[in-house]
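Architecture at a glance
The primary structure of each chain is shown beneath.
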Amino acid sequence: IETVTEGGHRPLADRLRPKTLAEVIGQGQVLGPEAPLTVMLESGSLGSLIFWGPPGVGKTTIARLLADETDLHFVQISAIFSGVPELRKVFEAAKIRRQNGQGTLLFVDEIHRFNKAQQDGFLPHMEDGTILLVGATTENPSFELNAAVLSRSQVLVLERLPLADLESLARRAEAELGRGLPLDSAARENLLEMADGDGRALLNLIEQVAAWKVDGVLDGKALSGRLMRRAAQ
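Residues numbered from 1 in each chain as written. Predicted model: local features only at pLDDT ≥ 70, side-chain atom pairs only at ≥ 80, totals over all residues. Heavy atoms only, no water.

Looking at the sheet that holds strand 4 (residues 131–137)
Strand order in the open sheet formed by five strands is 2-3-4-1-5, with parallel pairing between adjacent strands. Among the strands making up the open sheet, the edge pair consists of strand 2 (73–78) and strand 5 (154–157). Recorded for the sheet is a direction-independent mean angle of 20° between the axes of neighbouring strands. (Pairing = 2+ DSSP bridges. Helix = DSSP H or I, 4+ residues; strand = E, 2+ residues; numbered from the N terminus. Axes fitted to C-alpha atoms, helices over the stretch in contact; angles between N-to-C directions.)

Describing the environment of A79
Structurally, A79 is set in the loop between strand 2 and helix 5 (84–99). Given a relative accessible area of 6%, A79 falls into the buried group. Taking the C-alpha atoms as reference points, A79 and D219, separated by 140 residues in sequence, lie 42 Å from one another. Excluding residues within four positions of it along the chain, A79 makes contact with V108, D109, E110, I111, R113 and F114. (Buried < 20%, exposed > 50% of the residue type's maximum accessible area, 1.4 Å probe, protein only. Contact = heavy atoms within 4.5 Å.)

Describing the nonpolar core
In this structure, L183, L191, L202, L203, I206 and L223 are the most contacted members of the largest nonpolar core, which totals 25 residues. For this core, the element with the most residues is helix 12 (residues 199–211), which contributes six residues. In this structure L203 touches L12, A13, L16, L169 and A173, once residues within four positions along its chain are discounted. Judged by nonpolar contacts, the second largest core, of 23 residues, contains L21, L66, L132 and V134. (Core = buried A, V, L, I, M, F, W, Y, C linked by side-chain atoms within 4.5 Å.)

Here you go:
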């Protein structure tokens, strides 16, 4: 789903959304050459998954790209905003799709927000192949998810992006913007640290900085002052 704000402006995070799994920055522990997702895709045995990790590290993006790579129809819901009626509609649509020869990858954001009965509702549809479930959670799944769902899924841990990966993301953003950020090296490092391992947060910060009218470059103190002022408004 592309996000378009008033006036047709697409946020940087949306414009830089990877088109393939190879373009995803970081998460080598799940996407590297011998890592679980790579092995599953190469063997044609993608199963239900639970992505556990902090916000902004690529859970939604990876799920969407897995659907692309396996020709599954991608459906995204959030446990915060969805209840039983919405789930019923999703399962009915997935059944029809399956009868027409197409599978469904159902991505459930904040899956731990569903109660036990709602989580149990996924099981028959997982077992008969109507859906391939990919759940995302910021909480420890061992404590927050039903044993029955966990036993049918593989838990993959996604990690905060280290500074080197955030720097790669910043360079990609600069290429998209067509210009470098007006920051000296210390200020640039400050900006990366402010994102706290969250790629989406970094791109939002970069978008703010890129919009400023700056003569020369800003140092760390000037950067912090401008961002603090903006936050306080």
